[in-house]
Amino acid sequence: MKLTGAQAIVKSLEKEGVEVIFGIPGGATLPIYDALRESKIKHILMRHEQVAAHASDGYARATGKVGVCMATSGPGATNLVTGIANAYMDSIPIVAITGQVPTPVIGTDAFQEADITGITLPIVKHSYLVKDANELPRVIKEAFYIASTGRPGPVLIDVPRDVSQVVINYKYPESVDLSGYKPTYRGHAKQIRLAAKAIIEAQRPIIYAGGGVITSGASEELKKLAELTQIHVTTTLMGKGAFPETHPLSLGMLGMHGTRYANYAMCETDLIIAVGARFDDRVTGKLSTFAPKAKIIHIDIDPAEIGKNVTTHIPIVGDARFILHDLIAILEKLLAGEKMQNRVAWNEQVEEWRKKYPLTYSKEGGLKPEFIVEQIYDLTKDKETIITTGVGQNQMWAAQYYKVTKPRTFLSSGGLGTMGFGMPAAIGAQFGRPDAIVIDIDGDGSLQMVSQDIATAVINKLPINIVIMNNGYLGMVRQWQQLFYEHRYYAVDLMPGIPDFVKLAEAYGAKGMRITKPEKVRPALEEAIASPMTVIIDCWIEREENVFPMVAPGAPLSQMIGGEGE
Ligand SMILES: Cc1ncc(C[n+]2csc(CCOP(=O)(O)OP(=O)(O)O)c2C)c(N)n1
């Protein structure tokens, strides 16, 4: 079949099952857009390329498929960079297609030229600059394969304008052949046996689960392991949803704003079973004091993660689902139907911490963000719901007070901590999961970084709900200045110039509501959830509410400040 490079790109994307592309066109991508017109693939016209990248990322997180975004050369491509870095840090599979200036002028500072493969080198899993149109089908096949296998991540394909105009003999490859890329899926049998033995012998074990559990689809296996061995599970922010937070063995999130009981358990445990988690500094606190009594089993698909931050005693490289499956089989044999007796005292201790140090907040004063999240949770807990978040206090309140029970339903920028992620992620998630209620719990600062794309939500009739925790501050930075800089607030007040978010919503054709009193929260949420429109609920929360408990940056996990029950 004779196709132009641009047609070959579109055909190949169709073959990969792509349903939606988030992007903005430009001179360098015009041939691709012309080909896209003829395709069933939906192109969603965004208002900023950063949002396009985040939307493709949100789509990927919500569906488990590869997200696709597209931008023109130069500024279009550089606008994608934050979104690509965000996907890289959280191991999310996206394919970013960028236009490039024609091959004869590459390197001459041509109009709208930027070396995007160079710029993104440290933040992609792989990238291609395609100089021969005949390579396009193979490159696209490989890009989707690389993005979605092993440890997933973003792949960039840069296509010079002339390359997309050349006519080629099109044939889509049936398989990929990448000699240097062979992810390990099955864990080493001997290591798994060692892990089983360590689990049986441990007196005070804890499972520490991360986003890798969700990526590998290992949630069922994780639950089985926890129940079989009666071991409590704590998750990272990225791991929320890997284990039902309503389960009696769930300790919720650990780390800087984790629950006291999860952090105390980490300090006393003698065996950490880390699954698809990477011992990030937000989780470990001061590394030299992290889990001082613990042996560590580390299960991860990326060998580079093993031993990166902590000394691992039993490393197991491979896919979490396969490894947990094999581990459970061995444990079942070893236990032969017996109940584990050696950790009753430990589990009682953990339960005592849980009772003594629950997550709480003062009910005095004005509208409390924690209360709002509790209401959102209460209203949606029995329905298919996806929560996205901005970054800052809003994100941590959402993480603390929304009990996530299913994988791929809590989407938050973990590794990069990107303000502005929540609303675009909600757009992407709603495209991927039209059946689900999608709620973005956001900050006024975070939303203002991407607010132009409220238009995208409205035009596409997305019923997403954006709940703004409006404190008129860059709240999390203000909290740090309050706690660690003796209350010297500087460059954090957003009040001067804060938009009227109700009018902003209306200006874009969305519905806007303002909430200042607790009793109005529930009816407003009910109305928003029932509405087929994009709705923005601007909640004027207590301005100086803090997120507690908190482990100060660089402090040990045992030194939590704030929160009740000290
Ligand atoms: C793009 C970006 N710039 C700066 C920061 C640093 N930062 C972290 S939290 C935060 C404040 C966020 O404010 P807002 O979105 O209003 O949320 P709040 O903390 O008030 O809930 C800032 C500036 C960041 N994470 N991302």
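Whatever comes next refers back to the structure up there.
These numbers come from a predicted model, not from an experiment. Residue numbers run consecutively from 1 along every chain, following the written order of its sequence. For a predicted model such as this one, the threshold for reporting local features is a pLDDT of at least 70, and the threshold for listing and counting side-chain atom pairs is 80 or more; totals across whole chains, interfaces and linings nevertheless cover every residue. Derived side-chain values reflect all non-hydrogen atoms in the structure, with water molecules and hydrogen atoms excluded from consideration.

### Description of the overall build of the protein chain
No. 1: The way it works is that DSSP assigns letters per residue, a run of H or I at least four long becomes a helix, a run of E at least two long becomes a strand, and they are numbered from the N terminus. When you go through the protein chain residue by residue, the secondary structure sums to 22 helices and 22 strands.
No. 2: Across the 566 residues in the protein chain, those meeting the buried criterion constitute 58%.
No. 3: Should any heavy atoms of two residues lie within 4.5 Å, those residues are counted as being in contact. The long-range fraction of contacts in the protein chain, counting pairs at least 24 apart against all pairs at least 6 apart in sequence, stands at 76%.
No. 4: Accessible area of the protein chain: about 22,400 Å², with a carbon and sulfur share of 53%.
No. 5: Mean positive and mean negative side-chain charge positions of the protein chain (57 and 61 charges, respectively) differ by 4 Å. Buried, partly exposed and exposed residues are distinguished by accessible area as a fraction of the type maximum, computed with a 1.4 Å probe on protein chains only: under 20%, between the cut-offs, and over 50%, respectively. Method for areas: the Shrake-Rupley scheme with a 1.4 Å probe, in which residue coverage is limited to the protein chains shown. Counted charges follow a simple rule, with Lys and Arg positive, Asp and Glu negative, and His plus the chain ends left uncounted. Charged side chains are reduced to one point each, which is NZ for Lys, CZ for Arg, CG for Asp and CD for Glu.

### Some remarks on the side chain of threonine 149
No. 1: Structurally, the position occupied by threonine 149 is in the loop between helix H7 (136-148) and strand E7 (155-160).
No. 2: You can call threonine 149 buried: its relative accessible area is 12%.
No. 3: Sequence-distant contacts of threonine 149, that is, excluding residues within four places in its chain, are made with Lys125, Tyr181 and Tyr185.

### Describing the nonpolar core
No. 1: Side-chain atoms within 4.5 Å are what join buried Ala, Val, Leu, Ile, Met, Phe, Trp, Tyr and Cys residues into a set we call a nonpolar core. Ranked by size, the top nonpolar core spans 49 residues in total, and within it Phe22, Met46, Ile427 and Ile464 carry the most contacts.
No. 2: The residues contacting isoleucine 464, other than those within four sequence positions of it, are Met423, Ala426, Ile427, Gln430, Val438, Ala457, Met533, Thr534 and Val535.
No. 3: Val18, Val66, Val139 and Ile140 belong to the second-largest nonpolar core, a separate cluster that totals 37 residues.

### A look at the site of the ligand
No. 1: Contacts to the ligand come from 17 residues, most closely from Gln393, Gly417, Gly445, Ser446 and Gly475.
No. 2: Here a polar contact is recorded for every N or O atom pair within 3.5 Å, except that within protein the pair must consist of a potential hydrogen donor and a potential acceptor, and residues adjacent in sequence are included only if both atoms are side-chain atoms. A distance of 3.1 Å separates an oxygen atom of the ligand from a polar atom in the side chain of aspartate 444.
No. 3: With respect to the ligand, the backbone of methionine 476 contributes an N or O atom lying 2.9 Å from an oxygen atom.
No. 4: Protein contact buries 76% of the 580 Å² of open area that the ligand shows by itself.
No. 5: At the level of secondary structure, the elements contributing two or more residues to the shell around the ligand comprise helix H16 (393-401), helix H18 (444-448) and helix H20 (475-484).
No. 6: All residues other than Ala, Val, Leu, Ile, Met, Phe, Trp, Tyr, Cys, Pro, Asp, Glu, Lys and Arg, Gly among them, are scored as polar; the first ten of these are nonpolar and the last four charged. Looking at the shell around the ligand residue by residue, the classes come out as seven nonpolar, nine polar and one charged. Only a single heavy atom is needed: when it lies within 4 Å of a molecule or strand, its residue is near that molecule or strand.

### What about the sheet that holds strand E6 (residues 126-129)?
No. 1: We call two strands paired when DSSP finds no fewer than two bridges between them. One open sheet holds the six strands; their spatial order is E3-E2-E4-E5-E7-E6, and the pairing between them is parallel. What marks the edges here is a single partner per strand, and that holds for strand E3 (42-45) and E6. Direction aside, neighbouring strands of the sheet carry axes that sit 20 degrees apart on average.
No. 2: For helices, the axis comes from a line fit to the C-alpha atoms of the stretch in contact; other axes are also lines fit to C-alpha atoms, and the angle between any two N-to-C directions lies between 0 and 180 degrees. Along the sheet, H7 contacts strand E4 (67-71), strand E5 (94-100), E6 and E7; its crossing angle with E7, the most-contacted strand, is approximately 160 degrees.

### With respect to the packing of helix H8 (residues 189-201) against helix H13 (residues 320-335)
No. 1: Remark: H8 packs on H13, axes separated minimally by 9 Å, with the N-to-C direction vectors making an angle of 55 degrees. Compared by their axis directions, H8 and H13 come out oblique. Crossing of H8 against H13: the hand is right-handed. Contacts between H8 and H13 involve Ile192, Arg193, Ala195, Ala196, Ile199 and Ile200 from the first element and Ile323, Asp326, Leu327, Ile330, Leu331, Leu334 and Leu335 from the second. By definition in this entry, angles of less than 35 degrees are roughly parallel, angles greater than 145 are roughly antiparallel, angles of 65 to 115 are roughly perpendicular, and the rest are oblique. By definition, turning the near helix anticlockwise from the far helix through less than a right angle yields a left-handed crossing, and turning it clockwise yields a right-handed one.

### Overview of the packing of aromatic side chains
For any two aromatic rings, the description comes down to two numbers: the centre-to-centre distance and the angle of the planes.
No. 1: Ring geometry is summarised as follows: Phe, Tyr and Trp rings, the Trp one being its six-membered ring, pair when their centres sit within 6.5 Å, and such pairs are stacked at plane angles under 30 degrees, edge-to-face over 60 and tilted between the two. According to the stated counting rule, one finds 13 aromatic pairs in the structure shown.
No. 2: Note on tyrosine 361 and tyrosine 401: the rings are 5.6 Å apart at their centroids and 85 degrees apart in plane angle, and the pair reads as edge-to-face. You can see tyrosine 361 sitting in the loop between helix H14 (344-356) and helix H15 (369-380) and its partner tyrosine 401 sitting in helix H16, a full 40 residues away along the chain. Pair check on accessibility: tyrosine 361 and tyrosine 401 agree, each one buried.
No. 3: Cluster of aromatic residues (ring-pair linked, three or more members): Tyr264, Trp346, Trp353 and Tyr357.
No. 4: Either the NZ atom of lysine or the CZ atom of arginine qualifies as a charge over a ring when it sits within 6 Å of the ring centre and within 35 degrees of the ring normal. Its end group placed over the ring of phenylalanine 322, arginine 186 keeps NZ or CZ at 4.4 Å from the ring centre.

### Observations regarding the side chain of threonine 456
No. 1: Looking at where threonine 456 falls in the secondary structure, it is placed in helix H19 (residues 454-459).
No. 2: Once you skip the residues sitting within four places of it in the chain, threonine 456 turns out to touch Ile44, Leu45, Met46, Arg47 and Ile427.

### Regarding unusual backbone geometry
No. 1: Phenylalanine 548 connects to proline 549 through a cis peptide bond whose omega is 0 degrees.
No. 2: A positive phi is found at glutamine 112, a non-glycine position, where the angle reads about 60 degrees.
No. 3: Structurally, glutamine 112 can be placed in the loop between E5 and helix H6 (116-119).
No. 4: Look at alanine 491: it is not a glycine, yet its phi comes out positive at around 60 degrees.
No. 5: With respect to the helices and strands, alanine 491 occurs in the loop between H20 and helix H21 (501-508).

### As for the environment of methionine 476
No. 1: Tracing the chain through its elements places methionine 476 in helix H20.
No. 2: Along the backbone, methionine 476 and asparagine 546 are 70 residues apart, and their C-alpha atoms lie at a distance of 7.9 Å.
No. 3: Among all residues touching methionine 476, those that are not within four sequence positions of it are His257, Gly392, Gln393, Met396 and Val547.

### Topic: helix H1 (residues 5-15)
No. 1: Restricting attention to buried positions, one finds in H1 the residues Gly5, Ala6, Ala8, Ile9, Val10, Ser12 and Leu13.
No. 2: Following H1 by one or two positions, glycine 17 has its phi on the positive side, about 80 degrees.

### Here we look at the packing of helix H3 (residues 49-63) against helix H5 (residues 81-89)
No. 1: With their axes 7 Å apart at the nearest point, H3 and H5 run at an angle of 25 degrees to one another. For the element pair H3 / H5, the angle class is roughly parallel. Two secondary-structure elements touch here, H3 through Gln50, Ala53, His54, Asp57 and Arg61 and H5 through Thr82, Gly83, Ile84, Asn86 and Ala87.
No. 2: For the contact of H3 with H5, the class distribution of residues is three nonpolar, five polar and two charged.

### A short note on the sheet that holds strand E11 (residues 250-253)
Each strand in a sheet pairs with another by means of backbone hydrogen bonds, the pair being arranged parallel or else antiparallel.
No. 1: Spatially, the six strands line up as an open sheet ordered E11-E10-E9-E12-E13-E14, and their pairing is parallel. Each end of this open sheet is capped by a strand with a single partner; those strands are E11 and strand E14 (314-317). Here the average twist between neighbouring strands, direction ignored, is 15 degrees.
No. 2: Relative to E11, strand E10 (residues 233-235) runs parallel, the two being bridged by two bridges. From the neighbouring strand, valine 233 faces E11, where its bridge partner is serine 250.
No. 3: Strand contacts of helix H10 (residues 219-229): strand E9 (205-209), E10 and strand E12 (271-275), with the helix running at about 170 degrees to E9, the strand carrying the most contacts.

### Side note on the pairing of E14
No. 1: With burial as the criterion, only one face of E14 is covered, namely that bearing Ile314 and Ile316; the residues Pro315 and Val317 on the opposite face remain uncovered.
No. 2: Bridging between strand E13 (residues 295-300) and E14 involves four bridges; their strand directions are parallel. Bridged to aspartate 300 within E14 is valine 317.

The values are spatial; any link to function lies outside them.
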